Structure formats: structure tokens, C-alpha cells
Amino acid sequence: MAEVKIAAEVRSDFGKGAARRTRRESKVPGVVYGHGDKPQHVKVDSHALMMALKTPNVLIRLDVDGKDTLVIPKAVQREAIRGFLVHVDFLAVRQGEKVTVEIPILTEGDLAPGANLLEHLLNTLPVEAEATHIPESVTISVAGLDAGDSVQAKDVTLPAGSTLAVEDDVVVLQVVAAQAEAPAEESAEAGDEAEQA
């Protein structure tokens, strides 16, 4: 798992006005919490954080005024339209500590022949993993699956050191038959009948 180092500064001013000033400086306001410690208010470089967040569950070594803290991003708020970072909550972690995270689900392979569709009931899978070895994703083979088939959480092969943090019988993916386009044809026939009458 990649580790990224980002410099941070302690924040002492709060509120909407202070947050706007922080963002005008190309920094993102954030909070570091965890281990029963008092939350620490920080601000980090917007571009460096945006680049780090391209990796899901990235491990960040936050250099807060010369003191290193290992963190993972837990809640990231973005501006609705332009998508720029507004605020981030960091969870402080230690090497060897277990954390619960959601890892992206990827699929590989082709479904059985026919007009079938793959439906993702979950886009991420909750797992418990060691904080410094969080998997980036999990891959599920859908090769040969046919309409009516499904993949449950217990069927997913997890990376070493990870355990499910969700019930075994939760359906992750399912294959459904494509809907026929008969309703459109019926409405066309109804229109023809109306013209004849």
C-alpha cells in the first residue's frame, strides 16, 4: 500500500469565514482524530491531498509542524458542482492496528452468453485490515455467470490479512436478464389501432 507524506499546519481559527480563507490559500481544513486523543484541527495543501486521494484508503504520513502522524482519510467533503475539496476528516492509525474501511470492487471476465446485465448491489466492500496494509481493491470474477446468479460477500476472495466487516450473506453482485422491449411495441400497436378506428 502506498504511503504519502503531506505537510500540515495547525489551525487555530474556525467557522465558515476561516474555512473560506483557508481554501483561498489553496489549503483544505481538516481534523485529525482517534486513539482517544483530543481532535487536532489542521490545514493541508489542497493539490497534494487531491493527488493522494486518487488512491482509495491511502495511508498518509501527516507532518504537523514537524511531528509525524499516520492517518487515513475517513470523510472527504467536496463542493457539489466543481468537486474541489472542502473539508477532510483524518483517522489517526498505528502500525499493527486494525481498521474498518471500504475497498472498491472490481470485476473481471465475461457473463454467460445472452442478454444479461451485471448489477452492482455494493460498489465497495467493508473489510477490516491492518492500518498500514489496507488493500486498494478487491477483484471478483463474473466469468460464466448467468441470469439469476449472484455473488455473496462470503464468496469474495479477500487479500491476505483482511476480513469481512459485513454479513456473509450480503449480495454484492447479481446477474439479471435484460428487459424485453415489448412495451414499446405494444404502444405502437395501440397507436395503429387508434388510427384505424
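About the cut-offs
Residues numbered from 1 in each chain as written. Predicted model: local features only at pLDDT ≥ 70, side-chain atom pairs only at ≥ 80, totals over all residues. Heavy atoms only, no water. Helix = DSSP H or I, 4+ residues; strand = E, 2+ residues; numbered from the N terminus. Buried < 20%, exposed > 50% of the residue type's maximum accessible area, 1.4 Å probe, protein only. Contact = heavy atoms within 4.5 Å. Areas by Shrake-Rupley, 256 points an atom, 1.4 Å probe, with all protein chains shown as cover. Salt bridge = Lys/Arg side-chain N within 4 Å of Asp/Glu carboxyl O. Pairing = 2+ DSSP bridges. Axes fitted to C-alpha atoms, helices over the stretch in contact; angles between N-to-C directions. Core = buried A, V, L, I, M, F, W, Y, C linked by side-chain atoms within 4.5 Å. 1 Å grid on protein atoms, 1.4 Å probe; cavity = no way out; pocket = protein on both sides within 12 Å on 5 of 7 lines; lining within 4 Å. Points joined across faces, edges and corners; volume = space filled by probe spheres on them. Nonpolar A, V, L, I, M, F, W, Y, C, P; charged D, E, K, R; others polar.

Colleague: How would you explain the overall build of the chain if you had to name every residue and give the values?
Modeller: For the chain, the count of helices and strands is three helices and 13 strands. When each of the 197 residues of the chain is scored for burial, the buried share is 32%. Within the chain, contacts between residues at least 6 apart in sequence are counted, and of these 63% link residues at least 24 apart. For the chain, the accessible area works out to roughly 11600 Å², and carbon and sulfur atoms hold 48% of it.

Colleague: Can you tell me about the pattern of salt bridges, naming the residues and giving the values?
Modeller: Tallied over the entire structure, the rule returns three salt bridges. Between Lys5 and Asp68 there is a salt bridge, with its nearest N and O atoms 3.7 Å apart. Residue Lys5 is located in strand E1 (residues 3-10), and its partner Asp68 is located in strand E5 (residues 67-78); the two are separated by 63 residues in the primary sequence. Assessed through its relative accessible area of 35%, Asp68 is described here as partly exposed. Glu9 is the salt-bridge partner of Lys27, the closest N and O atoms lying 3.5 Å from each other. Here Glu9 lies in strand E1 and Lys27 lies in strand E2 (residues 27-34), a separation of 18 residues in the sequence. With relative accessibility at 34%, the residue Glu9 sits in the partly exposed group.

Colleague: Can you tell me about the sheet that holds strand E10 (residues 138-141), naming the residues and giving the values?
Modeller: Hydrogen bonding along the main chain pairs the strands of a sheet, whether they run parallel or antiparallel. A sheet is described by the order of its strands in space; here four strands give the open sequence E10-E7-E9-E12, paired in mixed fashion. Whereas interior strands pair on both sides, the edge strands pair on one side only; in this sheet they are E10 and strand E12 (163-164). Relative to E12, strand E9 (residues 124-130) runs antiparallel, the two being bridged by two bridges. Opposite Glu128, over in E12, you have Thr163 as the bridge partner.

Colleague: Break down the sheet that holds strand E11 (residues 150-152) for me, citing the residues and quoting the values.
Modeller: If you trace the three strands from one edge of the open sheet to the other, you get E8-E13-E11, paired in antiparallel fashion. The sheet is open, and its two borders are formed by strand E8 (116-120) and E11, each paired with just one other strand. The average angle at which neighbouring strand axes cross in this sheet is 15°, direction not considered. Of the pairings in the sheet, the one linking E11 to strand E13 (residues 171-177) comprises three bridges and is antiparallel in character. Bridge assignment links Gln152 to a residue of E13, and that residue is Val171.

Colleague: Which residues make up the nonpolar core, and what values do they have?
Modeller: Ranked by size, the top nonpolar core spans 23 residues in total, and within it Ile72, Val93, Val99, Leu125 and Val172 carry the most contacts. Of all the secondary-structure elements, those providing two or more residues to this core are E5, strand E7 (98-108), E9, E10 and E13. Ranked by the residues each element gives to this core, the list is headed by E7, at four residues. Among residues more than four places away in sequence, those in contact with Val99 are Ile72, Leu91, Val93, Val127, Glu128, Ala129, Ala131 and Ile134.

Colleague: Break down the layout of surface pockets for me, with residues and values.
Modeller: One way to see where empty space is left: roll a probe the size of a water molecule over the atoms. Looking at the largest pocket, its volume works out to about 290 Å³. Together, 16 residues line the largest pocket, and Asp37, Gln40, Lys67, Thr69 and Ala92 are the ones closest to its centre. Secondary-structure elements contributing two or more residues to the lining of the largest pocket are E2, strand E3 (37-45) and E5. For the lining of the largest pocket, the class distribution of residues is seven nonpolar, four polar and five charged.

Colleague: Outline the pairing of strand E6 (residues 85-92), listing residues and values.
Modeller: Counting buried residues in E6 gives seven out of eight residues, a clear majority hidden from the surface. Direction of pairing for E2 relative to E6: parallel, over a ladder of four bridges. Across the sheet, Val32 pairs through a bridge with Phe90, a residue of E6. Here E5 runs beside E6; their pairing, made up of seven bridges, is antiparallel. Along E6, the bridge assignment pairs Val76 with Val88. Hairpin geometry of E5 and E6 is characterised by an intervening segment of six residues between the two adjacent antiparallel strands and by a positive phi of about 80° at Gly83.

Read these as geometric descriptors, not functional statements.
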